[in-house]
Amino acid sequence: MKKIILISMTSILMASGAANAATPKIEDFSYSVDKFADIEILRYRVPDFDDLSLKQKEMIYYLGQAALEGRDILYDQNNKYNLCIRRTLEAVYLNYKGDRESVEFKQLTTYLKRVWMGNGIHHHYSEDKFTPEFSEDFFRKAVLSIDATKLPLAKEETPSALVAKLKPVIFDPTVYPKRTNQAEGVDLIKTSANNYYGDNITQVEVEAFYGKMKNPNDTRPISYGLNSKLVKENGVLVEKTYKAGGLYSTAITGIIGWLKKAAEVAENDKQKAVILSLIDFYKTGDLKTYDEYSIKWVEDLASQIDFVNGFTETYGDPLGMKASWESMVNFKNIEVTKRTETISKNAQWFEDNSPIDPQFKKETVKGVSAKVITAAILAGDCYPATPIGINLPNSNWIRHEYGSKSVTIENITEAYDQASLGNGFAEEFMWSDVERKRAKDFASLTNNLHTDLHECLGHGSGKLLPGVDPDALKAYGSCIEEARADLFGLYYMGDPKIVELGLLPDKEAYKAEYYSYIMNGLMTQLTRIQPRKNIEEAHMRNRQLIASWVFEKGKADKVIELVQRNGETFVIVNNYEKLRVLFGHLLAEIQKIKSTGDFEGGKNLVETYGVKVNETLHTEVLGRYKKLHLAPYRGFVNPVYTAIKNEKGEITNVIISYTENYIDQHLRYSHEYSTLPTFN
Ligand SMILES: [Zn+2]
């Protein structure tokens, strides 16, 4: 629940490019790699990689290998047929001897690209299953036309049987329609297509199973269910743990091998202990060990290189317990980190002055570390779509006692911003040149600052009242938590203290973020929603919730208006000061819901403001957006790291290159990191 994902496409960055040998400057870098369906694929620079020491480069190389080694895990977690479908399509793509220029072959290529983007057959963001444009007949003929030994056949399975098995999963829109179902009033486990629970298990059974495990008096509970699949064997529920020797053993064993090498070149003993502790967890699957690892990880602040590798975020489980696998390797951007250090140093001031009820405030805000990082490798649930900020660990008691690490991923933001320059978005949707000028001058800075405040302070602020179950808000928990963090950031962006601390250059600057946030939440994020669909994703719900709540509460004072010009709708913010006050009111309201575990209150806010879409406005926004020919979603390709070795096999250098395209990267990954059986 601690990821922040970029929505606003209006920010404009004017960063300076660092000159070095292997990484081109911003102005010479080609960010856009591929476009298909509703997706644009970008590449990101890793500036300063060449300034790292050989040992550091070697470590990034090993951690990068450990990251890619886990790729198959997420496919299997997202749906049990995903690996089979990916492998079948890749086999056809590589071996098809028919007309590769035909419409249907091209449609198959697009479908395969979408499968890579979604790490499976569901859209990475909407989580709806997408269906191919090519026909079932073409699929059957194409699969049967290639050498059967290239296909992921089960024992004694014929290619025809494989086609018959996959047909409904690929083509029938009623089979596995939704990856993670959050819709009210149905069994969320049975109606979710992902693979965290075995077949024929009900939500009631899952809740009872974990309900029994939880001890309300345990102040340091493990993250129950985090690293396992719950299945029914002979009528009894059992957890199949993800570990070496357990579920996903082959992939996890591979990860461990690379982590061992990384431990040998660790920057310091503390970091080495972090890696060894993670290896221990992967070997045992013991969630107490996981907590020990998390504490060591959060306490390692000195190392320049850092990484996430493991079962981390629980967005994919409708009940918010089971974690998807992800990895991100990164290193600290020392210059820009000074900005977030300023925020962290003043954490207590922000907590003390927050507009929430004093009983929900933390007396002492602990260990909010904040840094700006350069991503070096993205994998698992951080790839191809990736967050621009991360705040971990997720365990509430560890966060409370040890704090959390919060990062902003500056080189990813750079790629987004650079790829958006001059794309016509601001011209189409912003009300006037005043808003556009402000966006041009400040949006990149305010956007990054909002992310920093969200991650460094927002998630870490406030506290639960004693005895309140951290999961009390259930399916609404993620949305409420994101809203809380966003509001904390929004409220403070307009505080004079921000200018005083030198975080913004000008007392007008925050208006750039306010305007783009409201415009996005009320209107432009709808470009990501299919016609007649509601909003499902937690971050999107939170943004609409905030924007429509302040719109409604400020209506009498005309704080925000939706106005028509030539039949098109625009957002006008008339009173930024009052808007800030409203953000403060909503923050107080949401903190109360969180602190008291008020499920009904959370549900009511989310369902009233965050879910339903204004259909007329939606249609209009989609139409205007379509004219711009922009892709609403973006993913990334990774750079390629090549280890140069001497005759003794020692690494003498690691070379970074940026030339691999989207198709080649995925085919290579599938070839080099195919670490799991087709069915697990
Ligand atoms: Zn967040």
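Just above sits the structure.
Residues numbered from 1 in each chain as written. Predicted model: local features only at pLDDT ≥ 70, side-chain atom pairs only at ≥ 80, totals over all residues. Heavy atoms only, no water.

Trainee: Teacher, can you tell me more about the overall build of the chain here?
Mentor: When its secondary structure is counted, the chain shows 24 helices and 15 strands. Against the globule reference of 26 Å for 680 residues, the chain gives a C-alpha radius of gyration of 24 Å, in line with a compact fold. Residues classed as buried in the chain amount to 62% of the 680 residues present. Sequence separation of 24 or more characterises 75% of the internal contacts of the chain that already satisfy a separation of 6 or more. (Helix = DSSP H or I, 4+ residues; strand = E, 2+ residues; numbered from the N terminus. Rg over C-alpha atoms; globule rule 2.2 N^0.38 Å. Buried < 20%, exposed > 50% of the residue type's maximum accessible area, 1.4 Å probe, protein only. Contact = heavy atoms within 4.5 Å.)

Trainee: Just checking my understanding: could you explain the coordination of the zinc ion for this structure?
Mentor: For a metal bound by four donors in a tetrahedral arrangement, the ideal donor-metal-donor angle is 109.5 degrees, while six donors in an octahedral arrangement ideally sit at 90 or 180 degrees. Protein coordination at the zinc ion comes from His454 (NE2), His459 (NE2) and Glu482 (OE), with a distance range of 2.1 Å. Between the donor residues of the zinc ion, the gaps in sequence give the motif H-x4-H-x22-E. Taken together, the positions of His454 in helix H16 (residues 433-458) and Glu482 in helix H17 (residues 477-493) put the pair 28 residues apart, joining distant regions of the chain. You can call His454 buried: its relative accessible area is 0%. (Donors = N, O, S within 2.8 Å, 3.2 Å for Na, K, Ca; no water.)

Trainee: Could you clarify how one ought to interpret the sheet that holds strand S3 (residues 39-43) in this entry?
Mentor: As a general point, the strands of a sheet are linked pairwise by backbone hydrogen bonds and lie either parallel or antiparallel. Strand order in the open sheet made by the 3 strands is S2-S3-S13, with mixed pairing throughout. In this open sheet, the two edge strands, each paired with only one partner strand, are strand S2 (32-36) and strand S13 (633-637). Ignoring strand direction, the axes of neighbouring strands in this sheet form an average angle of 25°. By the bridge criterion, 4 bridges tie S2 to S3 in an arrangement that is antiparallel. For Asp34, the partnering residue across the bridge sits in S3 and is Ile41. Running over the sheet, helix H14 (residues 410-420) touches S3 and S13 and is turned about 125° from S13. (Pairing = 2+ DSSP bridges. Axes fitted to C-alpha atoms, helices over the stretch in contact; angles between N-to-C directions.)

Trainee: Would you mind going over the nonpolar core with me for this structure?
Mentor: Grouped burial of nonpolar side chains is what soluble globular proteins tend to show. By size, the foremost hydrophobic cluster in this structure holds 203 residues, and its most contacted members are Ile560 and Tyr641. With 9 residues, the single largest contributor to this core is H17. Beyond its immediate chain neighbours, meaning those up to four positions away, Ile560 contacts Ile518, Leu522, Val550, Phe551, Val571, Ile572, Val573 and Leu579. (Core = buried A, V, L, I, M, F, W, Y, C linked by side-chain atoms within 4.5 Å.)

Trainee: Would you mind showing me how to read the packing of H17 against helix H20 (residues 538-553) here?
Mentor: Each packed pair of helices is defined by two parameters, the angle between the axes and the distance between the axes. Close contact between H17 and H20 brings their axes to 8 Å; oriented N to C, the two are set at 55°. One finds that H17 runs oblique with respect to H20. Note that H17 runs across H20; the crossing there is right-handed. Note on element contacts: H20 touches H17 through Ala538, His539, Arg541, Asn542, Arg543, Leu545 and Ile546, opposite Ser478, Cys479, Glu482, Ala483, Asp486, Leu487 and Leu490. Partitioned by chemical class, the residues of the contact of H17 with H20 number 7 nonpolar, 3 polar and 4 charged. (Parallel < 35°, antiparallel > 145°, perpendicular 65-115°, else oblique. Left-handed = near helix turned anticlockwise from the far one by under 90°. Nonpolar A, V, L, I, M, F, W, Y, C, P; charged D, E, K, R; others polar.)

Trainee: Can you walk me through the environment of Leu501 in this structure?
Mentor: Relative to the elements of secondary structure, Leu501 occurs in the loop between helix H18 (496-500) and helix H19 (510-522). For the pair formed by Leu501 and Tyr93, sequence separation is 408 residues and the distance between their alpha carbons is 55 Å. Not counting chain neighbours up to four residues away, the residues in contact with Leu501 comprise Thr342, Asn346 and Phe350.

Trainee: Explain the packing of aromatic side chains to me, please; I cannot follow it from the model alone.
Mentor: Each aromatic ring pair is specified by the distance between its two centres and by the angle formed by the two planes. In total, this model carries 44 aromatic pairs according to the counting rule given. For the pair Tyr111 and Phe130, a centre-to-centre distance of 5.6 Å together with 75° between the ring planes defines the contact as edge-to-face. Of this pair, Tyr111 sits in helix H4 (residues 103-118) while Phe130 sits in the loop between H4 and helix H5 (136-145), placing them 19 residues apart in sequence. In this pair, the class of Tyr111 matches that of Phe130, namely buried. A centroid spacing of 5.8 Å and a plane angle of 80° characterise the contact between Tyr669 and Tyr673, whose relative ring orientation is edge-to-face. Judged by its relative accessible area of 1%, Tyr669 falls in the buried class. An aromatic cluster is defined as three or more aromatic residues linked by ring pairs; in this entry it consists of Tyr93, Tyr96, Phe105, Tyr111, Phe130, Phe134, Phe138, Phe139 and Phe171. (Phe/Tyr/Trp six-rings, centres within 6.5 Å; stacked < 30°, edge-to-face > 60°.)

Trainee: Looking at this structure, how should I read the state of the cysteines?
Mentor: Within the structure shown, the criterion is met by 0 disulfides. Left without a disulfide partner, Cys382 is nearest to the cysteine sulfur of Cys456, which lies 18 Å away. The class of Cys456 is buried, set by a relative accessible area of 2%. (Disulfide = S-S within 2.5 Å.)

Trainee: So what exactly am I meant to see when it comes to H4 here?
Mentor: Structural remark: α-helix, 3.6 residues per turn; residues separated by three or four positions point the same way. Taking 1.5 Å as the rise per residue, H4 with 16 residues should run 22 Å; its terminal C-alpha atoms sit 23 Å apart, in good agreement. Of the residues making up H4, those classed as buried are Phe105, Gln107, Leu108, Thr109, Tyr111, Leu112, Lys113, Val115, Trp116, Met117 and Gly118. Directly beyond the C-terminal end of H4, a positive phi value near 50° is found at Asn119. (Expected span 1.5 Å × (residues − 1).)

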